[in-house]
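Remarks on the overall topology
Spelled out from the first residue to the last, the chains are:
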Amino acid sequence: DAPESNKPVLQWGVDYVHPSGWYVGYWGSQVNFSYRRVGESYDQYTANGAVTITDYQEGGNSIENDFYGGYNGKLGDFSYTIGAAGYAYIKGRYANGLETKLGLGYKDVTLTAQTLLNDVVWGNKGDTYWTLNYAKPLPSDIAFTGSLGWYTYKKEGKFVGTHDAYTGNA
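Analysis parameters
- One numbering rule holds for all chains: residues counted from 1, following each sequence as written.
- Local features in this predicted model are restricted to residues whose pLDDT is 70 or higher, and side-chain atom pairs enter the listing and the counts only when it is 80 or higher, whereas totals over whole chains, interfaces and linings include all residues.
- Only hydrogens and water are set aside; all other atoms, that is, all heavy atoms of the structure, feed into the side-chain values.
- We call a set of buried residues a nonpolar core when its members are Ala, Val, Leu, Ile, Met, Phe, Trp, Tyr or Cys and they connect through side-chain atoms within 4.5 Å of each other.
- Any residue under 20% of the maximum accessible area for its type is buried, any over 50% is exposed, and the rest in between are partly exposed; the area is computed with a 1.4 Å probe on protein chains only.
- Strands here are runs of E lasting at least two residues and helices are runs of H or I lasting at least four, both read from the DSSP assignment and numbered beginning at the N terminus.
- A pair of strands counts as paired when DSSP detects no fewer than two bridges linking them.
- In this analysis, the protein atoms alone were mapped onto a 1 Å grid. Cavities are point sets where a 1.4 Å probe fits without being able to get out; pockets are open sets with protein on both sides within 12 Å along at least five of seven lines; lining residues have an atom within 4 Å of a point.
- Grid points are joined across faces, edges and corners, and a volume is the space filled by probe spheres set on the points.
- Under the convention adopted here, Pro, Cys and the residues Ala, Val, Leu, Ile, Met, Phe, Trp and Tyr are nonpolar, Asp, Glu, Lys and Arg are charged, and Gly plus all remaining residues are polar.

1. Section: the nonpolar core
Core analysis: the biggest nonpolar cluster contains seven residues, these being Val31, Ala85, Tyr87, Tyr89, Ala95, Val121 and Phe159. It is strand S4 (residues 78–90) that contributes the most residues to this core, three residues altogether.

2. Remarks on the pairing of strand S3 (residues 62–75)
In the sheet, strand S2 (residues 22–31) pairs with S3 via ten bridges, with the strands oriented antiparallel. Its bridge partner lying in S3, Val24 is registered against Gly69. When S3 meets S4, the two strands line up antiparallel, connected through 13 bridges. What sits directly across from Tyr71, in S4, is Ile82.

3. Thoughts on the layout of surface pockets
The space that makes up the largest pocket amounts to roughly 520 Å³. If you go around the largest pocket, you meet 21 residues; those closest to its centre are Asp66, Tyr87, Glu99, Gln114 and Tyr151. Broken down by secondary-structure element, the contributors of at least two residues to the lining of the largest pocket are S2, S3, S4, strand S5 (97–106) and strand S6 (109–116). Here the lining of the largest pocket is composed, by residue class, of twelve nonpolar, four polar and five charged.

Printed below as a string of structure tokens:
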């Protein structure tokens, strides 16, 4: 339900990977619309029974902060990953979320699932992002990587799918 933006943004991040397989990281980005205003729109929807698109305009823009960590391991030709991520939005009413990450691999192919643990204005509890990756080392420290991603999602949640906050024509 959040409006999209075609304005450029700044993004930044840092990762630390220990030789044992443990990793932690942070990624941040400007958001050119206000998740706080989107959240307030849901409050207004609940109180008044209707929201208009103008409810999404104005208000301070948000900053997305992603904090994540986990462990990558290997057993022979098999690999695995287990981790979690927390999403914290400055001025992000109802936008903060938690997500798990589980993955299995065999040789050059991996399958990973990242599942949202709570309802937020941008997704529903149980929504899962799947990735299937193929990575092949090439000569001269170069690698070929191919990735396929897809979502499975719940159609109804506390915020997304329970109503359409946009009441105009599309």
